[in-house]
Amino acid sequence: MSSIFKVFNLKKSFQIKDKRIDVLKGINLEIEEGKITFILGPSGAGKSTLLHILGTLDSPTEGEVLFKGTRLHSLDDKSKSRWRNENIGFIFQSHYLLNEFLAYENVMLPHLFLTKNFFKSKKKSFELLDSLSLSDRVFHKPNELSGGEQQRVAIARALINDPEVILADEPTGNLDSKNSDMVMQIFKRINRESGKTFLIITHNEELIKYGDRVIKLVDGVIENS
Amino acid sequence: MNYSFFIAVKHLFGARKTFFGYIVTAISIGGVFIGVAALIVVLSVMNGFQKDVKERIVDVNSHIIILKYFNEPIDDYKSIKDSLKEFDDIVSITPFIYSKGLIQFENWTNGVIIRGFSNEDSVTYGIMKKHLKFGKFPQKDDELILGVDLAEELRVHTGDVVRIATPFGSTETFGSLIPKVSEFTVSGIFDAGMYQYNAELVYIPLRKASEIFGLSGKVTGLEIRIKDIYKAPQVAKRIEKKLGYPYRTNNWIELNGSLFAALALEKKIMFLLLLLVIIVAAFNIITTLIMVVMEKTTQIGILKTLGLSERDILRVYIYQGLIINIIGTISGLIVGLFLCFLLSKYKFIDLPGEVYLLDKLPVDVQFLDVIFVLILTSIVSIVSTLYPAYKASKMDPVKAIKYE
Ligand SMILES: Nc1ncnc2c1ncn2[C@@H]1O[C@H](COP(=O)(O)OP(=O)(O)OP(=O)(O)O)[C@@H](O)[C@H]1O
Ligand SMILES: [Mg+2]
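Residues numbered from 1 in each chain as written. Chains lettered and ligands numbered in written order. Predicted model: local features only at pLDDT ≥ 70, side-chain atom pairs only at ≥ 80, totals over all residues. Heavy atoms only, no water.

Visitor: Teacher, can you tell me more about the sheet that holds strand β2 (residues 19–32) of chain A here?
Guide: By way of backbone hydrogen bonds, the strands of a sheet pair with one another, either parallel or antiparallel. All names here are of chain A. The four strands lie next to each other as β2-β1-β4-β5, forming an open sheet whose pairing is antiparallel. In this open sheet, the two strands that pair with only one neighbour each are β2 and β5 (70–71). Examined bridge by bridge, strand β4 (residues 62–67) and β5 share two bridges and lie antiparallel to one another. From the neighbouring strand, F67 faces β5, where its bridge partner is T70. In the packing of helix α1 (residues 47–54) onto the sheet, contacts are made with β1 (3–16), β2 and β4, and the angle to β1 comes to roughly 120 degrees. (Pairing = 2+ DSSP bridges. Helix = DSSP H or I, 4+ residues; strand = E, 2+ residues; numbered from the N terminus. Contact = heavy atoms within 4.5 Å. Axes fitted to C-alpha atoms, helices over the stretch in contact; angles between N-to-C directions.)

Visitor: Help me understand the environment of P163 of chain A, please; the structure alone is not making it clear to me.
Guide: Residue and element names in this part refer to chain A. Turning to its location among the elements, P163 is positioned in the loop between α5 (147–159) and β7 (165–169). Spatially, the C-alpha atoms of P163 and N85 are 8.0 Å apart, while their sequence positions differ by 78 residues. Sequence-distant contacts of P163, that is, excluding residues within four places in its chain, are made with E86, N87, I88, G89, A158 and K196.

Visitor: Sorry, what's going on with the interface of chain A and chain B here?
Guide: Accessible area lost on assembly of the parts is the figure often given for the size of an interface. Opposite the 24 residues of chain A that make contact, chain B presents 28 residues. Roughly 2,500 Å² of surface becomes buried between chain A and chain B when both sides are summed, with 68% attributable to carbon and sulfur atoms. Interface area lost by chain A to chain B is led by Y96, E100 and F113 of chain A, which between them contribute 29%. On the surface where chain A and chain B come into contact, there are two salt bridges. Residue K296 of chain B pairs with E100 of chain A through a salt bridge whose shortest N-O separation is 2.7 Å. For the interface between chain A and chain B, the tally reads eight residue pairs in polar contact (both at pLDDT 80 or more). Grouping the amino acids of the side of chain A that touches chain B by side-chain chemistry returns eleven nonpolar, five polar and eight charged. (Buried area = accessible area lost by both parts, 1.4 Å probe. Salt bridge = Lys/Arg side-chain N within 4 Å of Asp/Glu carboxyl O. Polar contact = N/O pair within 3.5 Å; in protein donor to acceptor, adjacent residues only side chain to side chain. Nonpolar A, V, L, I, M, F, W, Y, C, P; charged D, E, K, R; others polar.)

Visitor: Is there a simple way to explain the nonpolar core in this structure?
Guide: One broad trend across soluble globular proteins is that nonpolar side chains are buried collectively. One finds F5, L109 and F187 of chain A together with Y317 of chain B to be the most contacted residues of the largest nonpolar core, which totals 112 residues. At nine residues, the largest contribution of residues to this core is made by helix α10 (residues 257–295) of chain B. Those residues in contact with L109 of chain A that lie beyond four places of it in its chain are L98 and F101 of chain A together with F6, L303 and L306 of chain B. In this structure, I97, I189, I204 and I239 of chain B belong to the second largest nonpolar core, which totals 64 residues. (Core = buried A, V, L, I, M, F, W, Y, C linked by side-chain atoms within 4.5 Å. Buried < 20%, exposed > 50% of the residue type's maximum accessible area, 1.4 Å probe, protein only.)

Visitor: Looking at this structure, I do not really get the domain arrangement of chain B. What am I missing?
Guide: If you check the domain split of chain B, you get domain 1 (2–57 + 259–402) and domain 2 (73–245). Using C-alpha coordinates to define each centre, domain 1 of chain B is positioned 52 Å away from domain 2 of chain B. (Domains from an automatic or database assignment.)

Visitor: Where do I start with the site of ligand 1 in this structure?
Guide: With respect to spatial proximity, 14 residues lie near ligand 1, and among them S43, K47, S48 and T49 of chain A together with K402 of chain B are the closest. Between ligand 1 and G46 of chain A there is a distance of 2.9 Å, counted from an oxygen atom to a backbone nitrogen or oxygen. At 2.7 Å from an oxygen atom of ligand 1 is found a side-chain nitrogen or oxygen belonging to K47 of chain A. Burial of ligand 1 by the protein chains amounts to 70% of its free accessible area of 630 Å². No other element matches α1 of chain A, which puts three residues into the shell around ligand 1. Looking at the shell around ligand 1 residue by residue, the class counts come to five nonpolar, six polar and three charged. (Near = heavy atom within 4 Å. Areas by Shrake-Rupley, 256 points an atom, 1.4 Å probe, with all protein chains shown as cover.)

Next up, the structure:
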């Protein structure tokens, strides 16, 4: 079993005025390719921070993150952006759809950045929305959708470039149990069909049944269970 | 379609948080619009003014004049005319007399410039005929024409008899100069389009002028008209070389040099003043973009998570500045040119002739000026996008997705 992410001695601290806050205190971790991994832990443990660093949205204070052997944080901004665009699909608690764009436009954006082909991207976005039972919502604005629909549009957007990894930060945090199960079933299906790696932060222990592995993060360190 | 442009359009025009956002965008477009339109109209009017003044100066005045040193009268002007035959730039050479005197009609008197001109001089004749407003050209020696403003001042009409006093009278009685007074009938009144001329000039037949100024057949100088008025200094130089001492020349460019310098300076100053409008427009663009950047913090962050690089975001915001600039510039250009067209076609603005040299607002749109305005506004607008665009590109995606 190969690891898609390898994390070595990852440290992250924030400086607030003259006070240093150590959030991640030396994390060593491997994320297996093609698996669904959950990250659990109390609030403030540093889960989101870890996810952001894995997704190159933030940089570590110390340590290394390897993605299939590539040292992510030595890349320049352009390469990081390109890497994110091709390899990572982010899903957050809040849907973070762009409200100036229609549902299908939101979904097609990452593909448009990659291919620069408006029509191909549009077509692909329609197909994806269709597969998530949203074919009659393609021309809606984000604020004209229900919470569950918004999150499914966000999932479609995360999937459109067929990324290797989905990084999800409490993707069901705003949803009821019915919608939560629906989202998790979608993840499970995609994982089964295309072998994508999922890294999911959650507070909801009931969801763990959908995963292959659980990592506990407490106070900036991984707790072995 | 370029995706940065796609996003730029959406950010600038789509789903603003407040109506105020749209107003600020509209104002920034309006700022560029006004700046460009104003620059084009004002520069064109200044060009037109300059061109018109030049035309009117050369219209009534000759292009080059030949004089003798110390303004000695010239008697052998026929031989001068002959010796300049080979100059093919020259259209006409005519003798003239030029002096000052007093004009009187009933209770009113005025100092005037008296020009004697020859009736055989078909060119001057033609020009003056063009400007003749009332009456006709002098047929007899004791007839004259004068400018409208002078006529108004003296309250004379065609057919009235005026008296002209010249300082070259008889010296018999007391050994001192006694002015010579001659009577003339006003045969016509002209309007040369320039206040200075209309208020000061009196034309009388050459022969009569020679008589009242005691020149006995001599003339003050020779007026030359040439084909290309802008070659006047060169042609004048060649004439001087040919004739040699004691002849000298003057040309219209040299004679009006300070006027043209003043007009050129005026244009520069107007340009600088209007540049301020463009700079204000640039500040509007900066404000607008900063507002958009602030409103779109989250969106910019999300775009980064989706794979937009800093450079892409920079481009998105430069495009927004360009969109504002292009809309403002093109509409300003169209409206500016249209105003110029209206001004030149209908000349609906009257100027008080006593204050300005001209009584109508002339327009001359110069291609180079327009290009210059366009390039300048584009540079200013692009520079003004740089700071907001840079700010947007450096937006931290983590901050964007953390707070909402
Ligand atoms: N930019 C920052 N500046 C200062 N402190 C920060 C910053 N970002 C995060 N922190 C701190 O780091 C710690 C970890 O934050 P993080 O968001 O990773 O927690 P979390 O495990 O995701 O918590 P939750 O489950 O509540 O989302 C918190 O104590 C937070 O206050
Ligand atoms: Mg968190």
